[in-house]
Amino acid sequence: MFLRNRRPGKCSICGREHVTISNNIGVCVNCLREKPEKALPIALKAHYTFRDKIGLPRKPPRSVNGKLCSYCGNMCKIPPNGIGFCGILSNVNGFLRFRTNSWEEAVGLYYLDPHPTNCVAEKVCPANTSRGYPEYTFSKGIEYGYYNLAVFYGGCNFDCLFCQNHDHKIMAVKTKPTMTVEELYRAAMNPRVTCICYFGGDPGPFAVHALYVSRKILKTAKEKGLIKRICWETNGYENPVIMKEMTRLSFESGGIVKIDFKAWTPEVYKALTGVDASKRVKENVKLVGKMFDERPEIPLLVVSILLVPGYVDVYEVSKIGEYVASINEKIPIVLLAFHPEHRLNDLPPTSRRHAEECLRELKRIGIKEVYIGNWWLLGNYY
Ligand SMILES: [Zn+2]
């Protein structure tokens, strides 16, 4: 059991003690909201120590004579022969390049995941439901015997303290192993593959690679009448031009864009992710959400929210809910239970009460479809 003997954490500003305060963050959510100028520098320390250790820049670089990378909201100005915040994009003799040194090669790995998968969108995905039948799935109910091609990209333009796969950052720094466009294309052409889902890390830094593969897949799929749904599991921090193209490919293929909305308050966002991402993510959620009614049979967008104890509380969730509802109440929201990981290993898992309160709140706001993803992690923790 995680918690019974756990000592409460303490906020170094207001002195409040509670099991849902992380000593690794060092401050409580109220201080982040009310005294951000004092609280944020404390919270950011946890990011710096980890990033220093593995050789990633503490902040998005702003080198005066650097190369601008506009792939995501970080807008890094990468110093000569240096790397961006993600560790993937680099400045090679004044040219923007992947660190693999080729646009056709990415850092990551891929595998076949049999349906039904434990995807964030499992409750609404054509692979598990009959949504989109017969255009986007050829089976009624679960696509038994078929697979999702899971494409895991190393590297991320966020630095989430709770990251479940933080090894991907080390993977990004070491630049191995690599996967080529051709390899992924061939894997996707397996007749048993019906969806291709890009995740990570985050697919953002390697989006150019993923888009390249996806266009190739969909070209063949169209010619041969195959079902190949293109899906994304992302933090939504992409350049809007890239986000639009990702969305278009999902839209055409019956796929889903899954955006993980980390928090509402900009300072809470930054404390958890290490970057000023709140504005860009909100814009991208709107960008994708506005297309929702154009393909009503399968949700084009699914928003997920990780319920970080003490930080992503009912207030944060309800503000995100109101925002999503203002775009379209039909956009499904999936609440995810937190599990102590990485630098937030001093927090308990999400409590059942916390999840249920958020669920009720989202329904009250008017969100039509709300789910709890990994409910089995929930317990009586706080
Ligand atoms: Zn406090």
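**Student:** What's the story with the overall build of the chain in this structure? I'm lost.
**Tutor:** Secondary structure assignment for the chain yields 10 helices and 15 strands. Taking 21 Å as the expected radius of gyration for a compact globule of 382 residues, we find that the chain reaches 20 Å, a close match to that expectation. Taking the principal axes of the C-alpha coordinates as reference, the chain spans close to 65 × 55 × 35 Å. Per-residue burial over the chain gives 62% buried out of 382 residues. Surface summary for the chain: the accessible area is close to 15,800 Å², and the carbon and sulfur share equals 52%. Looking at charge distribution, the chain has the averaged site of its 53 positive side-chain charges lying 3 Å from that of its 37 negative ones.

**Student:** Help me understand the packing of aromatic side chains in this model?
**Tutor:** Describing an aromatic ring pair means giving the distance of the ring centres and the angle of the ring planes. Counted according to the given criterion, the structure contains 14 aromatic pairs. Summarising the aromatic geometry, the rings of Phe-158 and Tyr-237 are spaced 5.1 Å apart at their centres and angled 55 degrees between planes, so their arrangement reads as tilted. One end of the pair, Phe-158, is in the loop between β8 (147–153) and α3 (167–174); the other, Tyr-237, is in the loop between β11 (229–234) and α6 (240–253), with 79 residues separating them in the sequence. Judged by centre distance (6.2 Å) and plane angle (85 degrees), the rings of Phe-158 and Tyr-269 are edge-to-face. Of this pair, Phe-158 sits in the loop between β8 and α3 while Tyr-269 sits in helix α7 (residues 266–273), and the two are 111 residues apart along the sequence. Taking relative accessible area as the criterion, Phe-158 reaches 0% and is therefore assigned buried. The buried category is assigned to Tyr-269, whose relative accessible area is 0%.

**Student:** Where do I start with the coordination of the zinc ion in this structure?
**Tutor:** By definition of the ideal shapes, four donors in a tetrahedron about a metal sit 109.5 degrees apart, and six donors in an octahedron sit 90 or 180 degrees apart. Donor atoms from the polypeptide that coordinate the zinc ion comprise Cys-11 (SG), Cys-14 (SG), Cys-28 (SG) and Cys-31 (SG), at 2.3 Å from the metal. Viewed at the metal, the four donor atoms of the zinc ion are separated by angles of 104 to 115 degrees, and the geometry they form is tetrahedral. Sequence positions of the donors to the zinc ion reduce to the motif C-x2-C-x13-C-x2-C. Taken together, the residues Cys-14 in the loop between β1 (9–10) and β2 (17–18) and Cys-31 in helix α1 (residues 29–34) connect sequence positions 17 residues apart. A residue is classified by how much of its surface remains accessible, and Cys-31, at 3% relative accessible area, is buried.

**Student:** Explanation requested: the sheet that holds strand β7 (residues 105–114) in the structure shown.
**Tutor:** Two strands in a sheet stick together by hydrogen bonds in their backbones, pointing the same way (parallel) or opposite ways (antiparallel). The mixed open sheet is built from nine strands, whose spatial order is β9-β7-β8-β10-β11-β12-β13-β14-β15. Either end of the sheet is taken by a strand with one partner, and the two such strands are β9 (178–180) and β15 (370–372). Direction aside, the axes of adjacent strands within the sheet are offset by 30 degrees on average. Judged from the three bridges that link them, β7 and β9 form a sheet pairing that is antiparallel. The residue of β9 that forms the bridge with Glu-105 is Thr-180. Across the sheet, helix α4 (residues 181–188) touches β7, β8, β9 and β10 (193–200), and the angle it forms with β9 is around 70 degrees.

**Student:** Whenever I open this one, the pattern of salt bridges confuses me. Can you help?
**Tutor:** Oppositely charged side chains can pair when the atoms bearing their charge come close. What the rule picks out here adds up to 23 salt bridges. The shortest N-O distance in the salt bridge between Glu-143 and Arg-229 comes to 3.0 Å. Of this pair, Glu-143 sits in the loop between β7 and β8 while Arg-229 sits in strand β11; the two residues are 86 residues apart in sequence, bridging distant segments of the chain. For Arg-229, a relative accessible area of 0% puts it in the buried group. Between Arg-364 and Glu-361 there is a salt bridge whose closest N-O contact spans 2.7 Å. One end of the pair is Arg-364 and the other is Glu-361, both in helix α10 (residues 352–365) and three residues apart, which spans about a single turn.

**Student:** It is not clear to me how the layout of surface pockets should be interpreted in this structure. Could you clarify?
**Tutor:** Where empty space is left can be seen by rolling a probe of water-molecule size over the atoms. A volume near 1,100 Å³ is recorded for the largest pocket. What lines the largest pocket is a set of 44 residues, and nearest its centre among them are Val-120, Gln-164, Asn-165, Glu-233 and Leu-336. When contributions to the lining of the largest pocket are tallied by element, the ones reaching two or more residues are β7, β8, α3, β10, β11, β12 (257–260), β13 (301–307) and β14 (333–337). Among the residues making up the lining of the largest pocket, the classes are represented as 19 nonpolar, 14 polar and 11 charged.

**Student:** Looking at this structure, I do not really get the nonpolar core. What am I missing?
**Tutor:** Among soluble globular proteins, nonpolar side chains are generally buried collectively. Core analysis: the biggest nonpolar cluster contains 126 residues, and Tyr-198, Ile-305 and Leu-335 have the highest contact counts within it. The contact partners of Ile-305, leaving out residues within four places of it in the chain, are Asp-260, Phe-261, Val-312, Val-317, Ile-320, Ile-333, Val-334, Leu-335 and Leu-336.

**Student:** Help me understand the environment of Gly-94, please; the structure alone is not making it clear to me.
**Tutor:** Its location among the elements puts Gly-94 in the loop between β5 (89–92) and β6 (95–98). Relative accessible area serves as the criterion here: at 41%, Gly-94 is assigned to the partly exposed category. When the C-alpha atoms of Gly-94 and Asn-81 are compared, they prove to be 7.9 Å apart, with 13 residues separating the residues in sequence.

**Student:** For this particular structure, what's the right way to read the environment of Cys-69?
**Tutor:** Tracing the backbone shows Cys-69 in the loop between β3 (67–68) and β4 (77–78). Residues Cys-69 and Asn-91, 22 residues apart in the sequence, show an inter-C-alpha distance of 9.0 Å.

Conventions used here
Residues numbered from 1 in each chain as written. Predicted model: local features only at pLDDT ≥ 70, side-chain atom pairs only at ≥ 80, totals over all residues. Heavy atoms only, no water. Helix = DSSP H or I, 4+ residues; strand = E, 2+ residues; numbered from the N terminus. Rg over C-alpha atoms; globule rule 2.2 N^0.38 Å. Buried < 20%, exposed > 50% of the residue type's maximum accessible area, 1.4 Å probe, protein only. Areas by Shrake-Rupley, 256 points an atom, 1.4 Å probe, with all protein chains shown as cover. Lys, Arg positive; Asp, Glu negative; His and termini not counted. Charge placed at Lys NZ, Arg CZ, Asp CG, Glu CD. Phe/Tyr/Trp six-rings, centres within 6.5 Å; stacked < 30°, edge-to-face > 60°. Donors = N, O, S within 2.8 Å, 3.2 Å for Na, K, Ca; no water. Tetrahedral: all angles 85-135°; square planar, octahedral: opposite > 155°, others 65-115°. Pairing = 2+ DSSP bridges. Axes fitted to C-alpha atoms, helices over the stretch in contact; angles between N-to-C directions. Contact = heavy atoms within 4.5 Å. Salt bridge = Lys/Arg side-chain N within 4 Å of Asp/Glu carboxyl O. 1 Å grid on protein atoms, 1.4 Å probe; cavity = no way out; pocket = protein on both sides within 12 Å on 5 of 7 lines; lining within 4 Å. Points joined across faces, edges and corners; volume = space filled by probe spheres on them. Nonpolar A, V, L, I, M, F, W, Y, C, P; charged D, E, K, R; others polar. Core = buried A, V, L, I, M, F, W, Y, C linked by side-chain atoms within 4.5 Å.

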